[in-house]
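What the coordinates show
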Amino acid sequence: MADPRPRCAVVTGGASGIGRAITEILARRGDRVLVADIDEGAAADLAAELGEGASFMRCDVSDHAAVEALADRAFELFGQVDLVFANAGTIINGPLIAATPQELDWIFGVNVRGAWSTMSAFARRMLASGQEGRICVTASEHSLGLQHTGAGLYTATKHAVMGLADVMREELAPLIGITVFCPGLVATNLAHAPRPANLRQPSERAVAFGAAVQSRGMPSEEAARAAVEGTGRGERLIVTHAESWPAARRRAEMVEAAFAAQAPWSEGLDRYDVNRVVKEVRESEEQAKDAAPKAP
């Protein structure tokens, strides 16, 4: 029999764009939801709009302590958390050679450290309570292969998010599932995302151009529905845009061709397999430990 109780969910970046649409879908189906966003006013307005089952909290995901506080608050509110959508993110456009160290630190702080902090903080509490749960982290079509030039820092962060999620999935299985959500172009207000004062501010023309591009994307509700439904099915990877496939295929074909030409498989080559080596070294250490004389 299906569990009749409402699920308890947390959505970071939950007050706008895809995050807002995810929050609204969860609330409509009767789930309790904590809206987390750096824009506290927008999060408060959305929670009030959604009614009794919704709460809000300001959270800058680039601040690890703030994410830890968010996780504490969620477990205080709900007792347990079933679903986490680590969705908060930002973007910087422009040639890589024109980027600044400050821009790199900022976007990696939000997109990568924010994703890791969210997955880590909630997973540790889920494990401590012995409960099952699922975490969906928003990556991008950029995680799968080059989509366009001019978004190099963003692309790098989304590759990193995919790597974090892949490893965390193996470390947490089977109790906690990890889903990676890789949407393509979605109609959001990401082009208008505020930057810290110490960063170069985009020109009005650049903002207008980015907004025009974003406006032609998939409706955020459609992308959010794919995220919620795919997470509910326990998908490891959720994709939304068929046009993302050619770039992903080119990447896969390039990797396959490189192995075929430079490191073709033959029997016995698994002696260098790092997973096999780590397993064998651990077993050897355990055997040595068991064979060591016991202190009187």
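The structure this text deals with has already been given above.
All values derive from a computational prediction rather than experimental measurement. (Residues numbered from 1 in each chain as written. Predicted model: local features only at pLDDT ≥ 70, side-chain atom pairs only at ≥ 80, totals over all residues. Heavy atoms only, no water.)

Moving on, we come to the overall build of the protein chain. Counting its regular elements, the protein chain contains 9 helices and 9 strands. The globule rule puts the C-alpha radius of gyration for 296 residues at 19 Å, and the 21 Å found for the protein chain is close to it. By its C-alpha atoms, the protein chain is 65 × 50 × 40 Å across when sized along the principal axes. A total of 296 residues make up the protein chain; the buried ones form 42% of that total. Long-range contacts, defined as pairs at least 24 residues apart, comprise 70% of the intrachain contacts of the protein chain with a sequence gap of at least 6. Side chains of the protein chain carry 30 positive and 38 negative charges; the gap between the two charge centres is 2 Å. (Helix = DSSP H or I, 4+ residues; strand = E, 2+ residues; numbered from the N terminus. Rg over C-alpha atoms; globule rule 2.2 N^0.38 Å. Buried < 20%, exposed > 50% of the residue type's maximum accessible area, 1.4 Å probe, protein only. Contact = heavy atoms within 4.5 Å. Lys, Arg positive; Asp, Glu negative; His and termini not counted. Charge placed at Lys NZ, Arg CZ, Asp CG, Glu CD.)

Mapped onto the elements, Ala-15 comes out in the loop between strand S1 (8–12) and helix H1 (17–28). Considering only alpha carbons, one finds Ala-15 and Ala-223, 208 residues apart in sequence, at a separation of 15 Å. With near-sequence residues (within four places) excluded, Ala-15 lies in contact with Arg-20, Val-35, Asp-37, Ala-42, Ala-43 and Leu-46.

On to the nonpolar core. Membership of the largest hydrophobic core comes to 46 residues, with the highest contact counts inside it found for Val-81, Phe-122, Ile-135 and Val-137. When contributions to this core are tallied by element, the ones reaching two or more residues are S1, strand S2 (32–37), helix H3 (64–78), strand S4 (83–86), helix H4 (101–129), strand S5 (133–138), helix H5 (152–172) and strand S6 (176–182). Considering each element in turn, this core owes the most residues, 9 residues, to H4. Look past the residues within four positions of Val-81 in its chain and what remains in contact with it is Cys-8, Val-10, Ala-74, Phe-75, Phe-122, Met-126 and Gln-131. Judged by nonpolar contacts, the second largest core, of 21 residues, contains Val-11, Ala-54, Val-186 and Met-218. (Core = buried A, V, L, I, M, F, W, Y, C linked by side-chain atoms within 4.5 Å.)

Quick look at the state of the cysteines now. What the rule picks out here adds up to 0 disulfides. Left without a disulfide partner, Cys-59 is nearest to the cysteine sulfur of Cys-136, which lies 17 Å away. This cysteine, Cys-136, is not joined by any disulfide, and Cys-182 carries the nearest cysteine sulfur, 9.3 Å off. (Disulfide = S-S within 2.5 Å.)

With that settled, consider the packing of H1 against helix H2 (residues 40–50). Between H1 and H2, the least distance of the axes is 11 Å, while the angle of their chain directions is 20°. Classed by the angle they form, the pair H1 and H2 counts as roughly parallel. The two elements H1 and H2 cross, and the hand of that crossing is right-handed. Contacts from Arg-20, Thr-23, Glu-24 and Ala-27 in H1 reach Leu-46, Glu-49 and Leu-50 in H2. When the residues that make up the contact of H1 with H2 are grouped by side-chain class, the tally is 3 nonpolar, 1 polar and 3 charged. (Axes fitted to C-alpha atoms, helices over the stretch in contact; angles between N-to-C directions. Parallel < 35°, antiparallel > 145°, perpendicular 65-115°, else oblique. Left-handed = near helix turned anticlockwise from the far one by under 90°. Nonpolar A, V, L, I, M, F, W, Y, C, P; charged D, E, K, R; others polar.)

With that out of the way, let us pick up H2. Turning to H2, its buried residues are Ala-43, Leu-46 and Ala-47. End-on view of H2: buried residues confined to an arc of 100°, all on one side of the axis. Across H2 from its buried face, at more than 90 degrees, point the exposed residues Asp-45, Ala-48 and Glu-49. The secondary structure elements touched by the buried residues of H2 are H1, S2 and strand S3 (54–58). Here H2 starts with a cap whose side-chain oxygen sits 3.3 Å from the backbone nitrogen of Gly-41, and that cap is Asp-39. Of the residues trailing H2, Gly-51 is marked for its positive phi of about 100°. (Arc of directions from axis to C-beta. Polar contact = N/O pair within 3.5 Å; in protein donor to acceptor, adjacent residues only side chain to side chain.)

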